[in-house]
Amino acid sequence: MAVPLFDTDTPTRFLKAEIRAKVDEVLESAAFILGPEVAAFEADFAAYLGAGHAIGVGNGTDALTIALRAMGVGPGDDVVVPSFTFYATPEAIPPTGARPVFCDVDPETFCVTPETVRAALTPRTKAVVAVHLFGNVAPIAEIEALGVPVLEDAAQAAGSRAADGRRPGALGTAATFSFYPSKNLGAFGDGGAVTTNDAGIADRVRTLRFHGSRDKVTFEEVGYNSRLDELQAAILRVQLPHLDRWAEGRRDAGDHYAAAGLGELVTLPTVTPGASAAWHLYVVRHAQADALASVLRGAGIGQKAYYRLPSHRQPAMRPYADGLDLPGTDEAAATHLAIPMSPVLGRRDVDEVVVAVRDARLG
Ligand SMILES: Cc1ncc(COP(=O)(O)O)c(C=O)c1O
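Please read these numbers as outputs of a predicted model, since none were measured by experiment. (Residues numbered from 1 in each chain as written. Predicted model: local features only at pLDDT ≥ 70, side-chain atom pairs only at ≥ 80, totals over all residues. Heavy atoms only, no water.)

Draft legend 1. Broad picture of the site of the ligand. In the vicinity of the ligand lie 13 residues, with G60, T61, D153, S178 and K183 positioned nearest. Within the contact set of the ligand, a nitrogen atom lies 2.7 Å away from a side-chain nitrogen or oxygen of D153. One of the side-chain nitrogen or oxygen atoms of S178 is found 2.7 Å away from an oxygen atom of the ligand. Burial of the ligand by the surrounding chains reaches 92%, relative to a free accessible area of 390 Å². Breaking the shell around the ligand down by element, the ones donating at least two residues are α4 (60–70) and α5 (88–91). Counted by class, the shell around the ligand contains four nonpolar, seven polar and two charged residues. (Near = heavy atom within 4 Å. Polar contact = N/O pair within 3.5 Å; in protein donor to acceptor, adjacent residues only side chain to side chain. Areas by Shrake-Rupley, 256 points an atom, 1.4 Å probe, with all protein chains shown as cover. Helix = DSSP H or I, 4+ residues; strand = E, 2+ residues; numbered from the N terminus. Nonpolar A, V, L, I, M, F, W, Y, C, P; charged D, E, K, R; others polar.)

In structure tokens:
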């Protein structure tokens, strides 16, 4: 039996009729940009997160650039960022005029730690981008205790919770989300959001997403054309009430992997202390990860090494990576492998994956 790497269709299938009706409503309204659906989604999403403000933008990459600028990041500044993340995280920094300064991750959690961030601080550090990678929760309060504002990249962590019960998106100075279709909360196209408790940052994000203008007449600064559109907002509003149940399904699937003995065969991801991870991707580690991938492929099991070449080794990041030594990143990059994960990944699927890993006999 084949087990896909992820399944975005089954969890949303029962919502398709409601989504179609909502799409029809938007078509009839003929309001497509910055209308009532975006405003309502922004209110719903802020309330869900426990954040003061949510502002819809075009995608998760723009969200990062816009949020950093709204936090005051600009030319001459340094921004600390992990290398072991999707490339968009560091890519979003140079457009602000600032320089990405790469830091290491703990390969057990795949997240930055106060120690890895401290090692990368410079006199010019204006902000840290902490990524809640794979749905795990980075230690935001401990990093802000270093005295530097944190932007959470929560693109992969919708539905997760920190040890104190608060949600990624409401832990740092500001946070960003991607609603790319395969995300825990996915649109049917591109979409993103910035969230914050700071009214000043929220106000600047609203201005920056619309060409640096408040009134469409006066343009105060050079901004962006980056809006969440009405259709995507309407689709996200239908899905948001189901996010926690889907997150529970992801957590259960992770627990099934552990209960089925997968941890005896490969290294399982370590949840940060007390956190509750809505696994966006379930990523294990093994010294022979590529050999494992090829056995799983042969058995019809979805798998992918997402970041085999970490960001600081990508050609475009060469100017920012001179002489860097990030051992935790190199370890995670060389050994990680995502295996099937979704809100509807059942015990039989999990058992099938574990049997295939066992049969690989990689030692
Ligand atoms: C950690 C992380 N940051 C940023 C992004 C960028 O989001 P988008 O694709 O919506 O631009 C993604 C996902 O694509 C991501 O996984």
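Draft legend 2. Fine view of a nonpolar patch on the surface. Together, L27, F32, I33 and L34 give the surface a local cluster of nonpolar side chains, amounting to about 330 Å² of exposed area. Look at L34 and you get partly exposed, because its relative accessible area is 32%. (Patch = residues over 30% accessible without salt bridge, like charges linked within 9 Å, V, L, I, M, F, W, Y side chains within 5 Å. Salt bridge = Lys/Arg side-chain N within 4 Å of Asp/Glu carboxyl O. Buried < 20%, exposed > 50% of the residue type's maximum accessible area, 1.4 Å probe, protein only.)

Draft legend 3. Spatial organisation of the sheet that holds strand β3 (residues 99–103). One open sheet holds the seven strands; their spatial order is β1-β7-β6-β5-β4-β2-β3, and the pairing between them is mixed. Among the strands making up the open sheet, the edge pair consists of β1 (53–57) and β3. With direction set aside, neighbouring strand axes in the sheet form an average angle of 25°. On top of the sheet, α4 reaches β1, β2 (78–82), β4 (125–131), β5 (150–153), β6 (174–178) and β7 (192–196); it is set at about 165° to β6, its chief contact. Strands β1, β6 and β7 of the sheet are contacted by helix α8 (residues 199–209), whose axis makes an angle of about 15° with β1. (Pairing = 2+ DSSP bridges. Axes fitted to C-alpha atoms, helices over the stretch in contact; angles between N-to-C directions. Contact = heavy atoms within 4.5 Å.)

Everything listed here is a matter of coordinates, which is why it stays silent on function.
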